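Remarks on the overall topology
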Amino acid sequence: MQEILHAPHEKIEEIQLEGIKKTVIQCYENVAFYKRSFDEAGFDPHSIKSLEDLQKAPFVTKQDLRDNYPYGMFATPLSEVKEIHMSSGTTGVATVGGYTQHDLDIWGECFARGIEYANGGKDDVVHVCYGYGLFTGGLGAHYGGLYSGATTIPMSAGNTERQIRVLKEMGSTIICCTPSYAMHIADTALEMGIDPARDFHLRAGIHGAEPFSDNFRRDLERKLNYHVLDVYGLTETMGPGVAIECWEQNGLHLAEDHFYAEIIDPNTGEVLPDGEWGELVLTTIDREASPVVRYRTRDITRILPGECACGCTHRRIDRIHGRTDDMLIIRGVNVFPSQIEDVMKTFDQVSSWYQIEVDTDHRSLDMVTLKAEVNPDFAFDSVAAVERLQKEISARLKTALSVGVKVKLVEPKTIARSEGKAKRIVDLRKGIK
Amino acid sequence: MIDQITVFLENKRGRIASLCRTLGDANINMAALSVADTTEYGIVRIICSDTAAALSALDAGGYRAIKTKVMAIAVPHHPGGAADLLEKLDDLDVDIEYFYCFSTTDDMAVLALKIADPASAAEASWAIEKAGFHVFDQDEVE
Ligand SMILES: [Zn+2]
């Protein structure tokens, strides 16, 4: 694995060009959707001579994948497909990903890069407490653990007290789960009188499937005494492992020999230069069952220019800065949850648990309330002090979002902790889901 | 200066009762309990026998509690007694964030006072003593 991680970038580009040529032809010949879409756009799948030529190909969206539910996007016969995953269909129909044996092998190898970045291998005990099932987190991490030769414990999510016992007694060295679940484990352990920083043996956590702030990372690292690596991936292109942070924690290295990344302006579709923020678009290089050509992830990030100090030559994406579909429209203003996060992380007086509630007032106007849990670092011993802080947070949010927010301080542990994803936004407006 | 425990509570039915029960179960005796409330939350101020034990009982019970230093001052129990003290503080230019009465006997009442600027608290304490009021130490309330 070291060889491909340190290959000269020209070598990686050769692999990408050869792979993309095959992928577009494979899609055109085996998937009716791509044939129609390429033909309509006047894109000749045999015309690719350079990586830039891919820009002539049309995009594929999540809606396209939904429209072809269940097997319409498969490029191999079902007899070749060994496993299926589905993304949660919160807005209706799910999207389906199929994996041949080759696809499963790549997946394990991609996730195992995270274990490699943590300088791990067969002497590690990998504790997987992402949910196992249709969600790609559990099995993706599991295959990564197997590929790296580590001892893999398939805990799945839930039963937190048992997780804590196993972490303590089995001496797990690497934990894979969502960042909020890692925090839940740490807090529950502390409540049980177990100090995870001392009683666990963790060296690294590979955490993904939801965004987390730098403050949240520092909190986790302090509580669990380990190193947090952010992992990115999505069912539509494979699952976790498309990009993973190395020990430097300065951007996520794409698995560029398996995925080709472009950053586009989400409004015009135009490809943006390195360093500029935009929507991540992915093309698979060697997926068999569910290849994608220019899939619009709706994730906002940028390509980090320059080389990484770790020596890995694969380009890095920045940490995901929001999702185009998480965007809230409040009183006609676009609001990204990451903008709220940026403001909140500067206030030590409140914890990293907060929640935004959007509702409609009696005049049918949108009304936003932010609830934040009081920290012990805050001298809240007078009403004036509490009001001052509420006003200050509110003013900073107003500046950042251009939307008025009522701030309400609440007691610790009153904002729901979930064993899956953190629920940052509650939208109670009628007709909005 | 003496220790005061401040607890941030949501304004919910039964919340303060369960707070008192938590302290009672931990065998903590309260010398004072005062609440500054708004429609959404209340700030509960407690002076009690064993501050450290009370704080750890509250922490374990999931309450957000902090320790604050306040000044406890004896005032003569007669009409105008408190006014004398407050006027003196005004003369000294000492800003008070809040105060409450926490114990009374036949001839004396004790006021707990939070001085807005903690840096000026020591100086204010000295000036108040000089004006003839008794300022309590922690061991006198335990
Ligand atoms: Zn690196």
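The rules behind the values
Residues numbered from 1 in each chain as written. Chains lettered and ligands numbered in written order. Predicted model: local features only at pLDDT ≥ 70, side-chain atom pairs only at ≥ 80, totals over all residues. Heavy atoms only, no water. Pairing = 2+ DSSP bridges. Helix = DSSP H or I, 4+ residues; strand = E, 2+ residues; numbered from the N terminus. Axes fitted to C-alpha atoms, helices over the stretch in contact; angles between N-to-C directions. Parallel < 35°, antiparallel > 145°, perpendicular 65-115°, else oblique. Contact = heavy atoms within 4.5 Å. Nonpolar A, V, L, I, M, F, W, Y, C, P; charged D, E, K, R; others polar. Buried < 20%, exposed > 50% of the residue type's maximum accessible area, 1.4 Å probe, protein only. pLDDT = per-residue confidence, 0-100. Donors = N, O, S within 2.8 Å, 3.2 Å for Na, K, Ca; no water. Tetrahedral: all angles 85-135°; square planar, octahedral: opposite > 155°, others 65-115°. Salt bridge = Lys/Arg side-chain N within 4 Å of Asp/Glu carboxyl O. Core = buried A, V, L, I, M, F, W, Y, C linked by side-chain atoms within 4.5 Å. Phe/Tyr/Trp six-rings, centres within 6.5 Å; stacked < 30°, edge-to-face > 60°. Expected span 1.5 Å × (residues − 1). Arc of directions from axis to C-beta. Patch = residues over 30% accessible without salt bridge, like charges linked within 9 Å, V, L, I, M, F, W, Y side chains within 5 Å. Areas by Shrake-Rupley, 256 points an atom, 1.4 Å probe, with all protein chains shown as cover.

Overview of the sheet that holds strand 20 (residues 425-427) of chain A
Residue and element names in this part refer to chain A. One open sheet accounts for 4 strands, arranged 19-18-17-20; its pairing is mixed. Either end of the sheet is taken by a strand with one partner, and the two such strands are strand 19 (405-410) and strand 20. Averaged over all adjacent pairs, the angle separating strand axes in this sheet is 20 degrees, with direction ignored.

Comments concerning the packing of helix 7 (residues 160-169) of chain A against helix 8 (residues 179-191) of chain A
Two quantities define a packed helix pair, namely the angle between the helix axes and the distance between the axes. Residue and element names in this part refer to chain A. Helix 8 packs onto helix 7 with a crossing angle of 80 degrees between their chain directions and a minimal axis gap of 10 Å. With respect to helix 8, the axis of helix 7 lies roughly perpendicular. Residues Thr160, Gln163, Ile164 and Leu167 of helix 7 form the contact with helix 8, whose own contacting residues are Tyr181, His184, Ile185, Thr188 and Ala189. Broken down by class, the residue content of the contact of helix 7 with helix 8 amounts to 5 nonpolar, 4 polar and no charged.

As for the environment of B:Asn27
All names here are of chain B. Along the chain, Asn27 turns up in the loop between helix 1 (15-25) and strand 2 (30-37). We classify Asn27 as exposed; its relative accessible area is 70%. Put simply, Asn27 and Asp50 are 23 residues apart on the chain and 9.4 Å apart in space, counted from C-alpha to C-alpha.

A word on the confidence of the model for chain B
Predicted confidence across chain B gives a mean pLDDT of 89, with 99% of residues reaching 70 or more. Interface predicted TM-score (ipTM) for the complex: 0.83; the corresponding pTM is 0.65.

What about the coordination of the zinc ion?
Angles between donor atoms at a metal ideally measure 109.5 degrees for a four-coordinate tetrahedral arrangement and either 90 or 180 degrees for a six-coordinate octahedral one. Residue and element names in this part refer to chain A. Distances from the zinc ion to its protein donors, Cys246 (SG), His253 (NE2), Cys308 (SG) and Cys310 (SG), fall at 2.0 to 2.3 Å. Bound by 4 donor atoms, the zinc ion shows angles of 102 to 113 degrees at the metal and therefore tetrahedral coordination geometry. Donor residues binding the zinc ion come from one chain and are separated in sequence as C-x6-H-x54-C-x1-C. Residue His253 is found in strand 9 (residues 252-254), and its partner Cys308 is found in the loop between strand 13 (303-304) and strand 14 (316-317); the two are separated by 55 residues along the sequence. Cys308 gets classed as buried once you look at its relative accessible area, which sits at 10%.

Some details on the pattern of salt bridges
Under the defined criterion, the tally for this structure stands at 29 salt bridges over all chains. Here A:Glu191 and A:Lys413 are joined by a salt bridge, their closest N and O atoms 2.3 Å apart. Residue A:Glu191 is found in helix 8, and its partner A:Lys413 is found in the loop between strand 19 and strand 20; the two are separated by 222 residues along the sequence. Of the charged contacts in the structure, one is a salt bridge between B:Glu97 and B:Lys114, with a shortest N-O distance of 3.8 Å. Of the two residues, B:Glu97 is situated in strand 5 (residues 96-104) and B:Lys114 in strand 6 (residues 108-115); the sequence distance between them amounts to 17 residues. One network of salt bridges, in which partners are shared, links A:Asp214, A:Arg217, A:Asp230, A:Glu245 and A:Arg319.

Describing the nonpolar core
Residues and elements named next belong to chain A. Formed by 46 residues in total, the largest nonpolar core has its most connected members in Tyr34 and Tyr232. In terms of residue count, the dominant contributor to this core is helix 2 (residues 9-30) (5 residues). Not counting the four nearest positions on each side in its chain, Tyr232 is found in contact with Gly239, Pro240, Gly241, Val242, Ala243, Leu252, Leu280, Leu282, Thr297, Asp299, Ile317 and Ile320. Counting residues in each nonpolar core, the second largest holds 33 residues, with Ala372, Val374, Leu389 and Val405 among its members.

Let's talk about the packing of aromatic side chains
Aromatic ring pairs are described here by two measures, namely the spacing of the ring centres and the angle between the planes. In the structure shown here, the tally under the stated rule is 12 aromatic pairs over all chains. Taken together, a centroid distance of 5.3 Å and an interplanar angle of 20 degrees make the contact between B:Phe8 and B:Tyr41 stacked. Placement of B:Phe8 in strand 1 (residues 2-10) and of B:Tyr41 in strand 3 (residues 41-48) is noted, with a sequence separation of 33 residues between them. Taking the relative accessible area as the measure of exposure, B:Phe8 reaches 0% and is therefore buried. Given the relative accessible area of 2%, B:Tyr41 is considered buried. Within the aromatic cluster, the residues linked to one another by ring pairs are A:Tyr28, A:Phe33, A:Tyr34, A:Phe38 and A:Phe43.

Re helix 12 (residues 383-401) of chain A
Residue and element names in this part refer to chain A. Counted at 1.5 Å a residue, the expected span for helix 12 with its 19 residues is 27 Å, and the 27 Å between its end C-alpha atoms agrees. Among the residues making up helix 12, those that are buried are Ala385, Val386, Leu389, Gln390, Ile393, Leu397 and Leu401. Around the axis of helix 12, the buried residues are gathered within 135 degrees of arc, so they sit on the same side. Away from the buried face of helix 12 by more than 90 degrees, exposed residues Arg388, Lys391 and Thr399 are located. Looking at the residues trailing helix 12, positive phi occurs at Ser402, about 60 degrees.

Remarks on the environment of B:Lys114
Of the residues examined, B:Lys114 reaches a relative accessible area of 13% and is grouped as buried. Note: C-alpha distance between B:Lys114 and B:Ala72 (42 residues apart in sequence) is 9.0 Å. Each residue touching B:Lys114, except ones within four places of it in the same chain, is listed here: A:Asp381, B:Thr68, B:Lys69, B:Val70, B:Asp95, B:Ile96, B:Glu97 and B:Tyr98.

What about unusual backbone geometry?
Residue and element names in this part refer to chain A. Cis geometry is adopted by the peptide bond preceding Pro70, which originates at Tyr69 and carries an omega value of 0 degrees. Even without glycine at this site, Ser156 takes up a positive phi of about 60 degrees. Assignment of secondary structure puts Ser156 in the loop between strand 4 (151-154) and helix 7. The phi dihedral of Arg294 is positive, around 55 degrees, even though this residue is not glycine. Inspection of the secondary structure puts Arg294 in the loop between strand 11 (278-284) and strand 12 (295-301).

Quick look at a nonpolar patch on the surface
A grouping of B:Ile16, B:Leu33 and B:Val35 is seen on the molecular surface, where their side chains present a nonpolar patch of about 220 Å² in accessible area. Turning to its location among the elements, B:Val35 is positioned in strand 2.

With respect to the interface of chain B and chain A
Residue-level contacts link 22 residues of chain B with 19 residues of chain A. Linking chain B to chain A there are 3 salt bridges. In this structure, B:Arg15 and A:Glu411 form a salt bridge, with 2.5 Å as the shortest nitrogen-oxygen distance. If you list the elements that add at least two residues to the side of chain B that touches chain A, you get strand 1, strand 3, strand 4 (64-76) and strand 5 of chain B. Residue contributions to the side of chain B that touches chain A peak at 6 residues, all from strand 1 of chain B. Split by residue class, the side of chain B that touches chain A holds 10 nonpolar, 5 polar and 7 charged.

Here we look at the sheet that holds strand 13 of chain A
Residue and element names in this part refer to chain A. Overall, mixed pairing links the 9 strands, which are arranged 4-3-5-6-7-8-9-14-13 in an open sheet. Sheet topology places strand 4 and strand 13 at the edges, where each strand pairs with a single neighbour. Taken together, the 4 bridges between strand 7 (residues 227-234) and strand 8 (residues 239-245) define a ladder with antiparallel strand orientation. Counted as the bridge partner of Gly233 is Pro240 from strand 8. Packed on one face of the sheet, helix 5 (residues 101-117) meets strand 3 (125-128), strand 5 (174-177), strand 6 (204-208), strand 7, strand 8 and strand 9 and runs near 30 degrees to strand 8.

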